[in-house]
Amino acid sequence: MARGRLLWYTLATALLDGGDALTVDGFRDEDEPGTTALARHVAELERLLAVAQDSDRETDGLPPVPADLAEVLALRSLAGPPTVLFRAFERAFPEARPEELTTAAAFAAEGFRSLFNSPEATQALDAFDGPGEYWLTVLRYCAHGNLQAVVDELCSVLVENRGYDRAPDRAKALSDLAEDVRATLGLSARYRPAVVTDLDDGAGPRWRQLRLRGRFALRYGTTSTEEKAEQRAADVGLAFNSPFWPFILASTSVGQEGLDFHQYAHAVSHWNLAGNPVDLEQREGRIHRYKGHAVRKNVARALPFPTGAGHPWTQLFAAAAALPESAGSDMVPYWVFAPASLDGERALIERHLPLTPFTREKSVIGSLLSSVAHYRLAFGQPRQDELVQIVGDLDPETRAALGRVLVDLSPPRRSAQS
């Protein structure tokens, strides 16, 4: 019965598409070509499609029409991962042909299959309220969580940050975007879950040591070989810069400089206190960048939902740039955007420091944060350490006056005549 229902849903979708969607290419990738189960499934669908399209043939060979056919088709149209990806790719590449968009969406959708087949996703969906088979629960879950908005934002971030909107070969850029989306979603399928060991004092026998497995937090570090380490670091960084797991990234000082983790993060928890203001700024600079997570959250909260033509995030930032508070600086709204209209709902860069009472960190945190302010004042000057030390020795009134002197690093705006 369940197989008959699933065949009907697929058959109805093919009929709505004029019969062109029912091809072997629609069942892509991780199934080996010529797999017996896949071949039987496609052959049965082709037979049913021929029966349904031939008005002169009897329709006794078709399975019973499910009572919820219209509801399921609506869910697939609104929140089915391949359909959602097709719309997101079309908004990012409006000039792409339907065949290219279909291929890219089908390829990237395999990442969602890996994601929803993982043990963690299965447990989360089992707790989601809704009757029916697992695949139907997945559709309801995607609709409930507005998967279209999630994928639209992800594609907007990837297209701009990886330069696909400026690529001369648009077909390859679309293919690369699909590769990125699939790699982001399929990270849990390629890498084993993180295993945390030695959580006790280590004094007991090995078989008594506690071991925890998890995919929601990953380590940003090296593995056994240099090639694997480089590829793993790239994939982990790409997955962390997405709305999907891992949601927490743990790193040593290797992640302190030169990396961008700002696209879906706006909080830094320091494992220890930085020794100087430069290191503190470097750490927090990983999540404070162009169109960062906090900036996008504020833009989405402050502006109405876009309804015009074009990509929704392009419209949102264009509307934010047209606000009065954005006039006079190209830093707003792209680098900084925290309008007063949001009141207490503004998203800000969060700093979490280990301030255990009666420790060295607790005693020096005040002077470190003061040095950070002085460092920003001395930004771009030679011998910054000397200037920071001199400013730090000034009396409080003079330091307060200097604190009101801002270094404007925003690029000049073009005049209306240019």
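Data block above holds the structure.
(A) Quick peek at the overall build of the protein. For the protein, the helix and strand inventory stands at 17 helices and six strands. Among the 418 residues that make up the protein, the fraction classed as buried is 38%. Put simply, 63% of the contacts in the protein that link residues at least 6 apart link residues at least 24 apart. Per element, the accessible surface of the protein, about 24,600 Å² overall, is 55% carbon and sulfur.

(B) Looking closely at the pattern of salt bridges. Applying the stated rule across the entire model yields 13 salt bridges. For R97, the salt bridge identified is with E100, shortest N-O distance 3.1 Å. Taking relative accessible area as the criterion, R97 reaches 46% and is therefore assigned partly exposed. Note that D180 is salt-bridged to R162, the shortest N-O span being 2.6 Å. On the criterion of sequence distance, the pair formed by D180 in helix α9 (residues 170-185) and R162 in the loop between α8 (147-161) and α9 is long-range, its members being 18 residues apart. You can call R162 partly exposed: its relative accessible area is 43%. Taken together, the salt bridges that share partners define one network made up of R97, E99 and E100.

(C) View of the packing of helix α4 (residues 81-92) against α8. For the pair α4 and α8, interaxial distance at closest approach is 9 Å and the crossing angle is 40°. Looking at the two axes, α4 sits oblique to α8. When you trace α4 past α8, the crossing you get is right-handed. Packed against α4, whose contacting residues are P81, V84, L85, R87, A88, F89, R91 and A92, the element α8 presents L147, Q148, V151, D152, C155 and V159 at the interface. A class-by-class count of the residues in the contact of α4 with α8 yields 10 nonpolar, one polar and three charged.

(D) Here's a closer look at the packing of aromatic side chains. Summed over all chains, the structure comprises eight aromatic pairs. Ring centres of F128 and Y141 lie 5.3 Å apart, and the angle between their planes is 85°; on these two criteria the pair is classed as edge-to-face. Here Y141 lies in helix α7 (residues 134-144) and F128 lies in the loop between α6 (119-126) and α7, a separation of 13 residues in the sequence. By relative accessible area, Y141 is classed as partly exposed at 36%. Ring centres 6.2 Å apart and planes at 40° place the aromatic pair W313 and F317 in the tilted group. Placement of both W313 and F317 in helix α14 (residues 312-321) is noted, with a separation of four residues, approximately one turn of the helix. Its relative accessible area of 4% is what places F317 among the buried residues.

What counts and what doesn't
Residues numbered from 1 in each chain as written. Predicted model: local features only at pLDDT ≥ 70, side-chain atom pairs only at ≥ 80, totals over all residues. Heavy atoms only, no water. Helix = DSSP H or I, 4+ residues; strand = E, 2+ residues; numbered from the N terminus. Buried < 20%, exposed > 50% of the residue type's maximum accessible area, 1.4 Å probe, protein only. Contact = heavy atoms within 4.5 Å. Areas by Shrake-Rupley, 256 points an atom, 1.4 Å probe, with all protein chains shown as cover. Salt bridge = Lys/Arg side-chain N within 4 Å of Asp/Glu carboxyl O. Axes fitted to C-alpha atoms, helices over the stretch in contact; angles between N-to-C directions. Parallel < 35°, antiparallel > 145°, perpendicular 65-115°, else oblique. Left-handed = near helix turned anticlockwise from the far one by under 90°. Nonpolar A, V, L, I, M, F, W, Y, C, P; charged D, E, K, R; others polar. Phe/Tyr/Trp six-rings, centres within 6.5 Å; stacked < 30°, edge-to-face > 60°.

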